[in-house]
Amino acid sequence: MMAERVQQPPAKRLCCRPGFGATCRQGQRAAGTLCGGSAATQGESSRTQSPESLLDIAARRVAEKWPFQRVEERFERIPEPVQRRIVYWSFPRSEREICMYSSFNTGGGEEVGSGGESGDETRLPFRRGIALLESGCVDNVLQVGFHLSGTVREPATSSEPELLCNVSVSFDRCKITSVTCSCGNKDIFYCAHVVALSLYRVRKPEQVKLRLPISETLFQMNRDQLQKFVQYLITVHHTDVLPTAQKLADEILSQNSEINQVHGAPDPTAGASVDDENCWHLDEEQVQEQVKLFLSQGGYHGSGKQLNLLFSKVREMLRMRDSNGARMLTLITEQFMGDPRLALWRQQGTTMTDKYRQLWDELGALWMCIVLNPHCKPEQKSAWLRQLRRWNSVDVCPLEDGNHGSELINLTNALPQGPPGNPDSLTRPHRTVFTRAIEACDLHWQDPHLQHIITEDHYNNYCYHDNLNGSLFDSRGWPLWHEHVPTACARVDALRSHGYPKEALRLAIAIINTLRRQQQKQLELFRGHKKEVLHRGVTSVTNLEGWVGHPLDPIGTLFGTLMETGRGNDDGAAIDFSGSLGSCRRTENPVYTPLPFLEEGETFVSLAVETALIGLGQQRVMPDGLYAQEKVCRNEEQLLAKLQEVDLDETLVKILRKQATLLLEAGPYSGLGEILYRESVPMHTFAKYLFTSLLPHDAELAYRIALRAMRLPVLESTAPSTDLSRPQHIVSVVPNRYPRWFTLSHIESQQCELASTMLTAAKGDACKLHTVLESIQKNIHSSSHIFKLAQDAFKIATLMDSLPDLTLLKVSLELGLQVMRLTLSTLNWRRREMVRWLVTCATEVGVFALDNIMQNWFTLFTPTEATSVVASTIMSNSTIVRLHLDCNQQEKLANSARTLALQCAMKDPQNCALSALTLCEKDHIAFETAYQIVLDAAATGMNYTQLFTIARYMEHRGYPMRAYKLATLAMTHLNLSYNQDTHPAINDVLWACALSHSLGKNELAAVIPLVVKSVKCATVLSDILRRCTLTTPGMVALHSRRNSGKLMSLDKAPLRQLLDATIGAYINTTHSRLTHISPRHYSEFIEFLSKARETFLMAHDGHIQFTQFIDNLKQIYKGKKKLMMLVRERFG
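Residues numbered from 1 in each chain as written. Predicted model: local features only at pLDDT ≥ 70, side-chain atom pairs only at ≥ 80, totals over all residues. Heavy atoms only, no water.

(A) A look at the nonpolar core. Counting residues in each nonpolar core, the largest one holds 200 residues, and the members touching the most others are Leu 759 and Phe 861. Counting residues in each nonpolar core, the second largest holds 96 residues, with Tyr 200, Val 291, Leu 331 and Phe 434 among its members. (Core = buried A, V, L, I, M, F, W, Y, C linked by side-chain atoms within 4.5 Å. Buried < 20%, exposed > 50% of the residue type's maximum accessible area, 1.4 Å probe, protein only.)

Right, here's the structure in full:
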């Protein structure tokens, strides 16, 4: 991290005292005086509590504000005691700034440096510096003028030897202006050794020897002393300074040298010149390098967190009114603009990551704060404006709304004061992250009303008479501030950021009072035109820019300002409102006085909660673009998370009830009003918070809010203007188009969460459950979310620690039935799970529900689902035992199941026939009907696999003739070619032949022609042939048929036909294989011929046929010499 440069910084100015000679210095000691060496040391003053001397008071003021050169120029002669006190008081007296420049965290409101902390903070340079100081590792501390030096010993560790660091610090007007350390560490922050030396000077000033600037000492020396001084200096450091000393000597002795053209000589200890900028030391190079490194890591290794910490550091500097805040942000912005990924993403058309996008948002917000600094000089603002415009003009500069330009007008400049905005900006299509900061450069703080608001606690209309149209004060006489709300809140953020918390609070309260007054006026306006608006069913959305999710986060700013004050900034302190402008201080045990502009019983926390409720309840249009929409959701959830941290007391509950009622009655101005624009941001998440918070106190209001918020009109078809439930609004402002809601899935999930919360709360209340069910069925359109709600309701209704809630179970079942209807004709990967769950739910409801879903199966299930899952599960033994059914109930369910099975088999015999037969086994008529359905469908609608499966089922059930019948039907659909010797139907063919053989000669004779016609594979045919010759047909006696006991002859039908077909198949297969045979398959082919010979030899003249066959092969394929040689070797 930052290297404190080992080289000494160049002297800032030339020092010369022509009016002072050695004589006027005689008798005065320049060395040996301690840092506090005035009439009384600082330690003595603190012990005796004696009043501070006028010299110290004046010297401290001069040291804080005046560069020392100006002091020298102002007075011809400065007494040495005065110089000493100025030099003494010029070193920083507070540890807070030192901490700020040596760590990411100043420790909040605690006294910094009060001790080490455990965890990661112990490794921060500031904490390590304190540890070194307290361990006595700082030595040889010397202050020469405005320069402090010393050595800091870093104790040895198990892995590192002891390190002795030479440290020096330059300072001016209570700010450290440069640091050097020989440790060589590189970091944005001061190293621990610089911290240790600086804190030594702050905590132990009386132990630091103080000398005037070295030039003052040199003025006291005569020529001999000066020569001795120089020679000793060169001798001690001859290896380092001898070349430089010789060079300087040559230049001084040369009359025309540049060094002789300048009056005086530089002195690094003499303090700053008039032209020097007075700011704390910041290593700009290291800031740039670190930011570049973090950006190059692309969000890995915690780089995003590090960048956020740098942004926090900028805010901390602004709060301390440190000019380095803007300087550091400029360095950071330059690196962000130079990020090579910006051009790459633009070229590829891809979007930046969400975390990276949020960093850009923070960058833009910080620039907004900087240019809105109420005490910013015009020339500073002009320089920032030029800088911002330069960045804004770069092609790759990120847009404010993420990935495409906004069509919104320039609302930031629609203000009650200040110059009008550039008219071209009204039609500018693209707004970058810097656009708002550029526009804010036109804002000013000179409005008299605004100045009164931020500077006076008790400013009201009784002392200010220019209250035109009641716009400056409300009915209580409290000030109002009418301005574009996000811009007004940006002022509040700027005041907070620049260390004006009291002024920020005053303005925030004026803005909130304005919002409350506006809310009341909107309610009155709607009530006055309610009938007309409801009749027309149209309205206009008053806010194209929503306050929640806005780039400037106005509601978050107001909420944070009030909560910070109400909670004492989380450190037990509170803001003291006594004193003049800018004199805001913190007190640990404040005595609370009546706070400005708060009603009796009202607190800053209650005002913060009310502000959040107003913002969250605002009806606003969903913005365009993925990022902007995600930001709306994220910002809302963040604000609600902060609200949930607030413990609700009686006052806050009253505010919740008041705002909930107002939001319900505010019509088009509220997201919970009666009339909702189709593309308004949904209120589900907000309503869930209101529902859970209000439920213990006002259940009726809670349900009204939640039920009203269930609406999601963007998913509903366009309704005519007379339909009051889903009116269309602001057609003239927002173009009529199909909305692209990229966050719709998340929004639907939030809608589902709201409904689930209501279902849980309504358990045991049949009326409310019915109302919630109706709302779900009307407003939720996603089958997966309805299914989740059904499951949630089922779980709540069947909790183990209580009896099942039958009403909630019926709600669960009703939702499940709705899911079935919604997904019946659409693809859904969870459909099978949904069907099984519905049967489980219906089982819990009772036998009537089971019977009902079977009777209405065609509206809920596919035929396959109805037979294989629904009816089969209902008719299982586990269901019967679970429901404790008697015989009549079982028979009724069975009849319904059989009716369902036959209906499904008629509609889809291919997939349902087997299930139908299974379900109808116990009823002869139904079984016969199902079998007939199979026979009717076999000729046309069923394939051989389905028929073979049913045929095997029939054999298993003891119907071999029916199995035979179905097997022969299956054979007519089958076709096995010569090379399909691994076809999955082979086993079915072998089974069918075995079944026919077992039934008798006639059945076998009937099936063999079908086999010969369907099967062309020689190996399969030979296998069938061998099996038929091993045993006598009809071994299984059927229908009193007698078995002759003789084997069938191969010379007679039907086996002769099978034998001829097998031989023919071998011949055809042989020729087919020889067409494309390769040498590596020769041995396999010879084995194939061997199997063919076995089949040939089964015929009485088979030997002759095979010999002729081999001779033909030799003649036809004589070109395949090697193969034919192998044939001759094996077969002659």
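Here the narrative resumes, following the displayed structure.
(B) Quick look at the pairing of strand β5 (residues 175–181). With 6 of its 7 residues buried, β5 lies for the most part within the structure. By the bridge criterion, 6 bridges tie strand β4 (residues 163–172) to β5 in an arrangement that is antiparallel. Among the inter-strand pairings, Val 169 is bridged to a residue of β5, identified as Val 179. Hairpin geometry of β4 and β5 is characterised by an intervening segment of 2 residues between the two adjacent antiparallel strands and by a positive phi of about 50° at Arg 173. (Helix = DSSP H or I, 4+ residues; strand = E, 2+ residues; numbered from the N terminus. Pairing = 2+ DSSP bridges.)

(C) Local environment of the side chain of Thr 1062. Tracing the sequence through the fold places Thr 1062 in helix α44 (residues 1055–1075). Dropping the residues within four chain positions of it, Thr 1062 is found in contact with Ala 1018, Leu 1021, Ser 1022, Leu 1025 and Thr 1095. (Contact = heavy atoms within 4.5 Å.)

(D) Region of interest: the sheet that holds β5. Read across the open sheet, the 5 strands follow the order β5-β4-β3-β2-β6; overall the sheet is mixed. Every interior strand has two partners, whereas the edge strands, β5 and β6 (209–211), have only one. Taken over all neighbouring pairs, the strand axes of this sheet differ in orientation by 20° on average, direction set aside. Where strand β2 (residues 138–144) lies against β6, 3 bridges are found, and the strand directions are parallel. Counterpart to Val 144 in the pairing with β6 is Arg 211. Here helix α4 (residues 80–89) sits on the sheet and contacts β2, β4 and β6; the angle it forms with β6, its principal contact strand, is near 120°. Strands in contact with helix α6 (residues 125–134) are β2 and β3 (147–154); relative to β3, the strand with the most contacts, it is inclined by about 85°. (Axes fitted to C-alpha atoms, helices over the stretch in contact; angles between N-to-C directions.)

(E) Focus on the side chain of Asp 361. Mapped onto the fold, Asp 361 is located in helix α15 (residues 354–371). Of note is the side chain of Asp 361, whose polar atom sits 3.0 Å from the side chain of Arg 357. Beyond its immediate sequence surroundings of up to four residues, Asp 361 is in contact with Tyr 627 and Lys 631. (Polar contact = N/O pair within 3.5 Å; in protein donor to acceptor, adjacent residues only side chain to side chain.)

(F) A look at the packing of helix α45 (residues 1082–1096) against helix α47 (residues 1121–1131). The contact between α45 and α47 brings their axes to 11 Å, and the two run at 40°. Classified by the angle their axes make, α45 and α47 are oblique. Regarding α45 and α47, the two cross each other, and that crossing is right-handed. Contacts between α45 and α47 involve Tyr 1082, Phe 1085, Ile 1086, Glu 1087, Leu 1089, Ser 1090 and Arg 1093 on the former and, on the latter, Lys 1122, Leu 1123, Leu 1126, Val 1127, Arg 1130 and Phe 1131. (Parallel < 35°, antiparallel > 145°, perpendicular 65-115°, else oblique. Left-handed = near helix turned anticlockwise from the far one by under 90°.)

(G) Expanded view of the packing of helix α13 (residues 324–337) against helix α16 (residues 378–392). It is at 12 Å that the axes of α13 and α16 come closest, and there the two elements cross at 15°. Judged on the interaxial angle alone, α16 and α13 are roughly parallel. Handedness of the α13/α16 crossing: left-handed. Residues Ala 326, Thr 330, Thr 333, Glu 334 and Met 337 of α13 pack against Trp 384, Gln 387, Arg 390 and Trp 391 of α16. Here the contact of α13 with α16 is composed, by residue class, of 4 nonpolar, 3 polar and 2 charged. (Nonpolar A, V, L, I, M, F, W, Y, C, P; charged D, E, K, R; others polar.)

These values are about where atoms sit, not about what they do.
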